[in-house]
Amino acid sequence: MNIIISNNSSVPIYEQIENAIKEAIFSNELKEEDMLPSVRNLANDLKISFLTVKRAYDELEQAGFIKTVQGKGSFVAPKNLEIIKEEKLKEIQDHIEKVYNISKIANISEDEVKELFRMIFEGDF
């Protein structure tokens, strides 16, 4: 797993780590029960604070993506399909909100946007 941190991003570093690990889980790069790097090792590799990585791991654990076993490390939790679906629905919602905002600024009708979606879904694009 390769995590790339951007200091120029408006996304906090702990969130960038979280997102990278989630994407690795979604894409099956990280599989159920795979061990994650220790908080200390990942912090050293990324040259960031131990506390930043700890926060990312805590958020991932709270959301059900990883589990931590005291003295053994952090592991990818068994996939909960509902968590994955909710995460992806939220991502889609964010994109649709952007489409909505762009369409309002550009005075593009709802019907025109729906037609674009229809074309994309039917493969006519």
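Coordinates for the structure precede this section.
Remember, predicted model here, so these are calculated numbers, not experimental data.

**Q** What should I look at first to understand the nonpolar core in this one?
**A** Membership of the largest hydrophobic core comes to 22 residues, with the highest contact counts inside it found for Ile17, Ile21, Leu30, Leu36, Leu42, Val53 and Tyr57. Taken together, the elements giving at least two residues each to this core come down to helix H1 (13-26), helix H2 (39-46) and helix H3 (50-62). The contact partners of isoleucine 21, leaving out residues within four places of it in the chain, are Met1, Ile3, Leu30, Leu36, Tyr57 and Leu60.

**Q** So what exactly am I meant to see when it comes to the packing of aromatic side chains here?
**A** How two aromatic rings sit relative to each other is given by the distance of their centres and the angle of their planes. Under the counting rule described, the total for this entry stands at 1 aromatic pair. Centroid distance phenylalanine 26 to phenylalanine 65: 5.9 Å. Interplanar angle 80°. Geometry classified as edge-to-face. Here phenylalanine 65 lies in the loop between H3 and strand S1 (66-69) and phenylalanine 26 lies in helix H1, a separation of 39 residues in the sequence. For the residue pair phenylalanine 26 and phenylalanine 65, the accessibility class agrees, reading buried in each case. For arginine 55, the ring lying beneath its charged end belongs to tyrosine 14, and the centroid distance is 3.7 Å.

What counts as what
Residues numbered from 1 in each chain as written. Predicted model: local features only at pLDDT ≥ 70, side-chain atom pairs only at ≥ 80, totals over all residues. Heavy atoms only, no water. Core = buried A, V, L, I, M, F, W, Y, C linked by side-chain atoms within 4.5 Å. Buried < 20%, exposed > 50% of the residue type's maximum accessible area, 1.4 Å probe, protein only. Helix = DSSP H or I, 4+ residues; strand = E, 2+ residues; numbered from the N terminus. Contact = heavy atoms within 4.5 Å. Phe/Tyr/Trp six-rings, centres within 6.5 Å; stacked < 30°, edge-to-face > 60°. Lys NZ or Arg CZ within 6 Å of the ring centre and 35° of its normal.

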